[in-house]
Structure formats: structure tokens, C-alpha cells
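Spelled out, the chains give:
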Amino acid sequence: MKVGSAGSTPDNTTKPINAANQGSLARQELLNRIGENVANLNTIVVGLAAVENGAEKPDGLDISWNPTDRQAAARKARKAAIEAAMIQASEAINQYIYAVSNLPRFKTLRDKWKENDASMAERFVELANAIDPNHTDFEVFGVALMIHWRNRLVHSASSADLKHHEKKHLRDHEEEVATKYANLKIDCLLCHFQEKRPTLKDVSSLIAMTINIVNRIDKLIYICNTKEEVDAWLKYYGIDLVLEKVEKQTAKHKLNDSIRRTLLTRAPQLVEPYFTFNICSQGDGI
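Definitions and cut-offs
Residues numbered from 1 in each chain as written. Predicted model: local features only at pLDDT ≥ 70, side-chain atom pairs only at ≥ 80, totals over all residues. Heavy atoms only, no water. Helix = DSSP H or I, 4+ residues; strand = E, 2+ residues; numbered from the N terminus. Contact = heavy atoms within 4.5 Å. Core = buried A, V, L, I, M, F, W, Y, C linked by side-chain atoms within 4.5 Å. Buried < 20%, exposed > 50% of the residue type's maximum accessible area, 1.4 Å probe, protein only. Salt bridge = Lys/Arg side-chain N within 4 Å of Asp/Glu carboxyl O. Axes fitted to C-alpha atoms, helices over the stretch in contact; angles between N-to-C directions. Nonpolar A, V, L, I, M, F, W, Y, C, P; charged D, E, K, R; others polar. Patch = residues over 30% accessible without salt bridge, like charges linked within 9 Å, V, L, I, M, F, W, Y side chains within 5 Å. Areas by Shrake-Rupley, 256 points an atom, 1.4 Å probe, with all protein chains shown as cover. Expected span 1.5 Å × (residues − 1). Phe/Tyr/Trp six-rings, centres within 6.5 Å; stacked < 30°, edge-to-face > 60°. pLDDT = per-residue confidence, 0-100.

Trainee: Residues and numbers for the environment of arginine 216, please.
Mentor: Summarising the element assignment, arginine 216 is placed in helix α9 (residues 200-218). As a C-alpha pair, arginine 216 and alanine 128 span 88 residues in sequence and 9.7 Å in three-dimensional space. Beyond its immediate stretch of four places on either side in the chain, arginine 216 contacts Asp132, His135 and Asp137.

Written as C-alpha cells, this is what we have:
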């Protein structure tokens, strides 16, 4: 993915944008949240394995814990941790949908969702198709399944489910799914979904699908082609108010450098497009 320079720094050198930030603000926020979520889940799973193997409660840990069946207690806790991880991952993709759909180019889609009261899973599928109408990955429906699954876990009366053609699409790509996601079986995945009992493999695979599909579609939307799109990102993350404060408190001849430093700290992806579409008071460019 090609990214322009981050601009000249106060010592007049040019530094590239860090590769970790090559994508939209929404993508980076999702990766940060999911990364922490997965790390926490892995730690919990390791700790619970130790419980099953006889680990004792540490001295000084002031809690009541004396299960009659360690294995049953550990596996029950593991199930709760897996469900919590799925809920957190679903919330992360929901926030991504909100952020990206805030771009001006998706106004028609937003209006449609409001009129139809579309679910978050439906919104994700439609957003992915709007971004890249010529290519629908099975991962899109995997992510939609995770969002539906989250709703079933949180709301006991929820009947959220994939459409028939979405399930068929997953089944049609079962071999590819198995190859790419540690021999994940679609029929088992859908069965676990109906029974509301996600496994560690289910959740890990769906989270990996989320990251993969977001990485793909994000490449197609993160480059801002208009001033309105830059302004949309700035407003969504509250950076517009920060820049207003910078402009009020900074001398005219230092304004560009101050704005650049602020964006490099908060949103390095927006440095180049910001200065492309905003004519600042001094002529030192970016």
C-alpha cells in the first residue's frame, strides 16, 4: 500500500509514516482493541489450563474460590471468557462500521440503513459490498455471523441469523475456509452458532476473518480524495476541535508545523491529505 510522506519535520528532514499506521484511523482502532482482546483471552486460557492441572489460589488473593470440580469450574470460566472475547470483537467491528460509514461517500447507504433499521451485520455486509462491489469474500459473512452470534449471546430472545445465501456462500467455500483457518469446519461453526456455544477455534477464526477483511476493504477507503472526507475523519475522532485550539494558540509562522505535529501524534494517516486540501497560512507546504 503506497503512503505519501508524513511531511517535513522542524529540522527539515522527511520521515515516512510508520507502517503500523498505514490504514484508516478506524482500522487502527479496531486492530488495537482486538489485539488487546486476543492477548487477554490467551492469558485467561493459559491460566485456566493451570487451574485444571492443579494450580492453587495464591496466598494474599482475597477471594472466595474452592471449586469441588476444578475441571468443570475451569471449563465454565473458559466458556465465559470465549464469549466475552467474541462480544468485544463484535463491538470493535461495530465501531469500525460506524466510523467508516461516517464518510460522505456513504451517505446514501446511511440513509438506507436508517430507513430500514438495518442490523449491524446487515450494515457490514452492505458496507463491504459498497466498498468493493466486484468481490465478496466468505470472510464478510464470517464477520456477519460473529455479529449475529454476539446478539444471541447478549440477548437471549434474539433470533439473529445469516440469510440462506450467506450460509450457502460459506459452505461453498468450506475447503478454502479449512485451509486458511486451521481446519475450521463450516457445519460445526454453524452448529455451534445455533447452540450458542462458541469454541476457542470458532472465536479465533472469526476474529482472524475480521482482521483480514478489514485490512482488505480498508485499503480501498482510507485514502481521502476530498476535503470533505478529511473533515469527516477529523470530526468523527474529535481532532477538528483539537486543531481549532492549535490554530488559536499558535503563531502564524509556526502553524503548519504545529498542525503537522498534532496530526502525526493523533492521526498520521491524515497528514498528507490534510495539507493537500487545506491551504495554510505559510507557504512551506508539507
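Trainee: I'd like a rundown of the nonpolar core, residues and numbers included.
Mentor: Counting 72 residues, the largest nonpolar core has Ile93, Tyr96, Val100, Phe124 and Trp233 as the members making the most contacts within it. Considering each element in turn, this core owes the most residues, eleven residues, to helix α2 (residues 70-101). Once residues within four sequence positions are removed from consideration, isoleucine 93 is found in contact with Leu30, Phe124, Val143, Met146, Ile147, Thr210 and Val214.

Trainee: I'd like to hear about the side chain of lysine 167, residue by residue, with values.
Mentor: With respect to the element layout, lysine 167 can be found in helix α6 (residues 164-172). Judged by its relative accessible area of 18%, lysine 167 is buried. Not counting residues within four places of it along the chain, the set of residues in contact with lysine 167 comprises Asp161, Leu162, Leu190 and Gln194.

Trainee: Lay out the pattern of salt bridges in plain terms, naming residues and giving numbers.
Mentor: Evaluation of the coordinates by the stated rule reveals 18 salt bridges. Measuring nitrogen to oxygen at the nearest pair gives 3.0 Å for the salt bridge that ties arginine 150 to glutamate 91. Of the two residues, arginine 150 sits in helix α5 (residues 138-154) while glutamate 91 sits in helix α2, which places them 59 residues apart along the sequence. As a salt-bridge pair, glutamate 126 and lysine 112 come within 3.6 Å of each other at their nearest N and O atoms. Placement of the pair is glutamate 126 in helix α4 (residues 120-131) and lysine 112 in helix α3 (residues 107-116), with a sequence separation of 14 residues.

Trainee: If you had to explain the environment of valine 143 to someone new, which residues and values would you point to?
Mentor: Within the element layout of this structure, valine 143 appears in helix α5. With a relative accessible area of 0%, valine 143 lands in the buried category. Taking the C-alpha atoms as reference points, valine 143 and valine 214, 71 residues apart in sequence, are found 9.8 Å from one another. Leave out the neighbours within four places in its chain, and valine 143 touches Ile93, Phe124, Met209, Thr210 and Ile213.

Trainee: Would you mind going over the packing of α6 against helix α8 (residues 186-195) in detail, with residue names and values included?
Mentor: The interhelical angle for the contact between α6 and α8, taken along N-to-C directions, is 145 degrees, at an axis separation of 9 Å. Seen from α6, the contacting residues are Lys167, Leu170 and Arg171; seen from α8, they are Ile186, Asp187, Leu190 and Gln194. Across the contact of α6 with α8, the residue classes break down as three nonpolar, one polar and three charged.

Trainee: Quick one: what's the story with a nonpolar patch on the surface, residue by residue and with numbers?
Mentor: A cluster of nonpolar side chains, Leu61, Ile63 and Trp65, forms an exposed patch at the surface whose accessible area comes to about 260 Å². Checked against the element boundaries, tryptophan 65 lands in the loop between α1 (25-52) and α2.

Trainee: Describe α9, listing the residues and the values that go with them.
Mentor: Across its 19 residues, α9 extends 27 Å between first and last C-alpha, which sits within 8% of the 27 Å expected from 1.5 Å per residue. Taken residue by residue, α9 has Asp202, Val203, Ser205, Leu206, Ile207, Met209, Thr210, Ile213, Val214, Arg216, Ile217 and Asp218 as its buried positions. Those residues of α9 that are buried are in contact with α1, α2, α4, α5, α7 (174-180) and α8.

Trainee: How would you summarise the packing of aromatic side chains if you had to cite specific residues and measurements?
Mentor: By the definition in use, this model includes five aromatic pairs. Judged by centre distance (6.2 Å) and plane angle (90 degrees), the rings of phenylalanine 138 and tyrosine 181 are edge-to-face. Of this pair, phenylalanine 138 sits in helix α5 while tyrosine 181 sits in the loop between α7 and α8, placing them 43 residues apart in sequence. Summarising the burial analysis for this pair, phenylalanine 138 and tyrosine 181 share the class buried. Both rings, one in tyrosine 274 and one in phenylalanine 275, keep their centres 5.4 Å apart while their planes meet at 80 degrees; by these two values the pair is edge-to-face. Taken as a pair, tyrosine 274 and phenylalanine 275 share a single burial class, namely buried. The rings of Trp233, Tyr236 and Tyr237 are connected pair by pair, giving a single aromatic cluster.

Trainee: Describe the confidence of the model for the chain, and please don't skip the residues or the numbers.
Mentor: Confidence in the prediction of the chain, expressed as mean pLDDT, is 87, and 90% of residues score 70 or more. Per-residue pLDDT stays below 50 along residues 281-286; that stretch engages in 20 contacts with residues further than four places along the chain or on separate chains.

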